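What follows is the residue order along each chain.
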Amino acid sequence: MANNDGLIVFGGNEIVLNVGGIRYHTTVQTLTKIPNSLFSKFFAGNWRNQLNQNGELFIDRDGPIFEHILNFMRVGRIDKPNDELLEKRIIEEAYFYKLIQFNVTDFNDSTLLNDEQKRILTEFEGNLIKKWK
């Protein structure tokens, strides 16, 4: 159902993201739980003006990869894929959404991740950075 602002609302702060043509249903709370991310900054502003005619927020990025990004925001972890290209694409998107920085030690300061998750993400990012050099 659409509210008066044109935003599709399902139960309060739910939102539909159209990422590269794929629709994802989530909440503003999920999208903003990581401080200084693209979404936390975006939703702090006047974001309703950015919704399309269907009340969706369109993001011109890799739609299938966003599934991994959204899952990271939901559960605070990312499972390392077996495919190196997929791994690279996930990390590239994570950088775009500002979920990780170019400094590997940023994971160590995270309050959303437990020690094992920090170790996995640091290893995941570190391996890719080595491959890019």
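The structure this text deals with has already been given above.
Residues numbered from 1 in each chain as written. Predicted model: local features only at pLDDT ≥ 70, side-chain atom pairs only at ≥ 80, totals over all residues. Heavy atoms only, no water.

So, the sheet that holds strand β2 (residues 22-27)
Strand-to-strand pairing in sheets goes through backbone hydrogen bonds, with the strands running parallel or antiparallel.
Phase 1: Read from one edge of the open sheet, three strands run β2-β1-β3, paired in mixed fashion. The two strands at the open ends of the sheet, each matched to only one other strand, are β2 and β3 (57-59). The sheet shows a mean angle of 30° between the axes of neighbouring strands, direction not considered.
Phase 2: As paired strands, strand β1 (residues 14-19) and β2 are joined by six bridges and run antiparallel to one another. Bridging from a neighbouring strand, Glu 14 pairs with Thr 27 of β2.
Phase 3: Its contacts with the sheet put helix α3 (residues 63-75) on β1 and β2, and the angle it makes with β2 is roughly 10°. (Pairing = 2+ DSSP bridges. Helix = DSSP H or I, 4+ residues; strand = E, 2+ residues; numbered from the N terminus. Axes fitted to C-alpha atoms, helices over the stretch in contact; angles between N-to-C directions. Contact = heavy atoms within 4.5 Å.)

Regarding the pairing of β1
When a strand is regular, its side chains alternate between the sheet's two faces.
Phase 1: Burial analysis of β1 places five of its six residues in the buried class, the great majority of the element.
Phase 2: Once β1 ends, the chain turns through two residues before running back antiparallel as β2, passing Gly 20 with a positive phi of about 60°.
Phase 3: In the sheet, β1 pairs with β3 via three bridges, with the strands oriented parallel. Bridge pairing in β3 links Leu 17 to Leu 57. (Buried < 20%, exposed > 50% of the residue type's maximum accessible area, 1.4 Å probe, protein only.)

Overview of the side chain of Glu 93
Phase 1: With respect to the helices and strands, Glu 93 occurs in helix α4 (residues 84-96).
Phase 2: Glu 93 gets classed as buried once you look at its relative accessible area, which sits at 7%.
Phase 3: Residues within four places of Glu 93 in sequence aside, it is in contact with Arg 61, Asp 62, Ile 65 and Ile 69.

Observations concerning α3
An α-helix turns once every 3.6 residues. As a result, residues three or four positions apart point the same way.
Phase 1: With 13 residues, α3 extends 19 Å between its outermost C-alpha atoms, agreeing within 8% with the 18 Å of an ideal straight helix rising 1.5 Å per residue.
Phase 2: For α3, the complete set of buried residues consists of Gly 63, Ile 65, Phe 66, Ile 69, Leu 70, Phe 72 and Met 73. Summarising the axial view, the buried residues of α3 lie within an arc of 150°, below the 170-degree limit, and thus occupy one face.
Phase 3: One side-chain oxygen of the residue at the start of α3 lies 3.3 Å from the amide nitrogen of Ile 65, identifying that residue as Asp 62.
Phase 4: Positive backbone phi, approximately 80°, marks Gly 76, located one or two places after α3. (Expected span 1.5 Å × (residues − 1). Arc of directions from axis to C-beta. Polar contact = N/O pair within 3.5 Å; in protein donor to acceptor, adjacent residues only side chain to side chain.)

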